[in-house]
Amino acid sequence: MAQPIDVKQKVARKKQKYWNGYFEKIGSQANKSESRDHKENFGWQYSPNLDPLYDHLPHPIPSSSIPDSVMEYIRAEDEIWEGTLSCPGFKENAIAYYRSMLSLARRLTKVFALALDLDENYFDDITTYPGADLAFNYYPPVSSDVGKVKEGEALAHDVGLGSHTDLQCFTLLWQDMIGGLLVLNRGGEWIKATPIKGTIVVNIGDFLMRMTNDKWQSTVHRVEVNKTSEPRVSMPLFFG
Ligand SMILES: O=C(O)CCC(=O)C(=O)O
Ligand SMILES: [Fe+2]
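About the thresholds
Residues numbered from 1 in each chain as written. Chains lettered and ligands numbered in written order. Predicted model: local features only at pLDDT ≥ 70, side-chain atom pairs only at ≥ 80, totals over all residues. Heavy atoms only, no water. Near = heavy atom within 4 Å. Polar contact = N/O pair within 3.5 Å; in protein donor to acceptor, adjacent residues only side chain to side chain. Helix = DSSP H or I, 4+ residues; strand = E, 2+ residues; numbered from the N terminus. Nonpolar A, V, L, I, M, F, W, Y, C, P; charged D, E, K, R; others polar. Donors = N, O, S within 2.8 Å, 3.2 Å for Na, K, Ca; no water. Buried < 20%, exposed > 50% of the residue type's maximum accessible area, 1.4 Å probe, protein only. Pairing = 2+ DSSP bridges. Salt bridge = Lys/Arg side-chain N within 4 Å of Asp/Glu carboxyl O. Phe/Tyr/Trp six-rings, centres within 6.5 Å; stacked < 30°, edge-to-face > 60°. Lys NZ or Arg CZ within 6 Å of the ring centre and 35° of its normal.

Trainee: I'd like a description of the site of ligand 1, backed by residues and values.
Mentor: Residues in contact with ligand 1 amount to 13 residues; listed here are only the nearest, Tyr139, His164, His221, Arg232 and Ser234. The side chain of Asp166 places a nitrogen or oxygen atom 3.2 Å from an oxygen atom of ligand 1. Between an oxygen atom of ligand 1 and a side-chain N or O atom of His221, the distance comes to 2.9 Å. Among the elements of the structure, β3 (132-139), β4 (159-164), β9 (221-224) and β10 (232-239) are those that each provide at least two residues to the shell around ligand 1. The biggest single contributor to the shell around ligand 1 is β10, with four residues. Broken down by class, the residue content of the shell around ligand 1 amounts to seven nonpolar, four polar and two charged.

Given below as structure tokens:
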């Protein structure tokens, strides 16, 4: 994110058809009743080519090895990686992280299945080609940005990322030690998800809420505007 804007715009999401690439600051608004989001991010969508489950196949995986009914839902746009090559190691490290999170997510589906009194392999068949999207979120310190806040929007109402639930089954969220993530508890109070070193936050998403007939509820959460002097980084994997 420290790259010049023209380098980042080379991989701009608006040049892509799907949710792949770089999204500029104040470019999104997760909740229309709150401010635009004071964050930028780089994200990408699932590709079987990155999935450890298919390491035994030749790469790139021939499309004949993937069912047509799956191919039509693959949203990866590999050209985004070309535009990141000026950052040595970025692509390799990003993909290594993605692959470990994908493996962890699959292990967690077994824990969830057992917790729901199901066979531990219950989710295996429906996660062979999962929705698995990763984002690197970057929340710059907002003090230097205040002048750019839309007129009429009080800073007190500004958010890093507006209140929302995640769409997929669950999210594995790594966050740095800056803090700012809030979750809404069942009593309607916003609770700080204070960062704990070496841990990740697991949020239930809307699909799992639907699949469990609302027994497990998707977590409403948001991120406060970053008023510290350091940028904040988080890395969610949305899995479903
Ligand atoms: O940055 C965070 O802590 C939360 C990110 C998030 O909720 C999202 O990207 O959906
Ligand atoms: Fe979220």
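The rest of the description comes next.
Trainee: Summarise the coordination of the iron ion (ligand 2); cite the residues concerned and give the values.
Mentor: In this structure, His164 (NE2), Asp166 (OD) and His221 (NE2) serve as the protein donors to the iron ion (ligand 2), at separations of 2.1 to 2.2 Å. All donors of the iron ion (ligand 2) come from a single chain, and their spacing in sequence reads H-x1-D-x54-H. Placement of the pair is His164 in strand β4 and His221 in strand β9, with a sequence separation of 57 residues. Taking relative accessible area as the criterion, His164 reaches 18% and is therefore assigned buried.

Trainee: Account for the pairing of strand β6 (residues 181-184), naming residues and giving values.
Mentor: In this sheet, β9 lies alongside β6 in antiparallel orientation, the contact comprising three bridges. Bridge pairing in β9 places Leu182 opposite Arg222.

Trainee: So what's going on with unusual backbone geometry? Which residues, and what values?
Mentor: At the junction of His59 and Pro60, the peptide bond is cis and its omega measures out at -5 degrees in the coordinates. In this structure, Pro60 sits in the loop between β2 (40-44) and α2 (68-71). Even without glycine at this site, Asp117 takes up a positive phi of about 60 degrees. Counting through the fold element by element, Asp117 comes out in the loop between α4 (90-115) and β3. The class of Asp117 is exposed, set by a relative accessible area of 72%. Residue Asn213 is not a glycine yet carries a positive backbone phi of 50 degrees. Overall, the relative accessible area of 69% leaves Asn213 in the exposed class.

Trainee: I'd like a rundown of the pattern of salt bridges, residues and numbers included.
Mentor: Here the structure, examined in full by the defined rule, presents five salt bridges. Of the charged contacts, one joins Glu24 and Lys14 as a salt bridge, the two residues approaching to 3.8 Å between their closest N and O atoms. With a gap of ten residues between them, Glu24 in the loop between β1 (21-23) and β2 and Lys14 in the loop between α1 (5-9) and β1 connect regions that are remote in the sequence. One salt bridge connects Arg106 with Asp51, and the closest N-O pair in it is separated by 2.8 Å. You can see Arg106 sitting in helix α4 and its partner Asp51 sitting in the loop between β2 and α2, a full 55 residues away along the chain. What makes Arg106 buried here is its relative accessible area of 14%. Residue Asp51 is classed as buried on the basis of its relative accessible area, which comes to 0%.

Trainee: Could you give me a rundown of the packing of aromatic side chains, with the residues and numbers involved?
Mentor: According to the stated counting rule, one finds 14 aromatic pairs in the structure shown. Aromatic side chains Trp81 and Phe90 sit 6.4 Å apart centroid to centroid with 40 degrees between the ring planes, which places their arrangement in the tilted category. Phe90 gets classed as partly exposed once you look at its relative accessible area, which sits at 24%. Ring centres of Phe90 and Phe136 lie 5.9 Å apart, and the angle between their planes is 85 degrees; on these two criteria the pair is classed as edge-to-face. Taken together, the residues Phe90 in helix α4 and Phe136 in strand β3 connect sequence positions 46 residues apart. For Phe136, a relative accessible area of 13% corresponds to the buried category. Grouped by ring-pair contacts, the aromatic residues Phe42, Trp44, Trp81, Phe90, Tyr98 and Phe136 constitute a single cluster. Of note, Arg13 hangs over the ring of Trp19, and the distance from its end group to the ring centre comes to 4.6 Å. Over the face of the ring belonging to Trp190 we find Arg222, whose NZ or CZ atom lies 4.4 Å from the ring centre.

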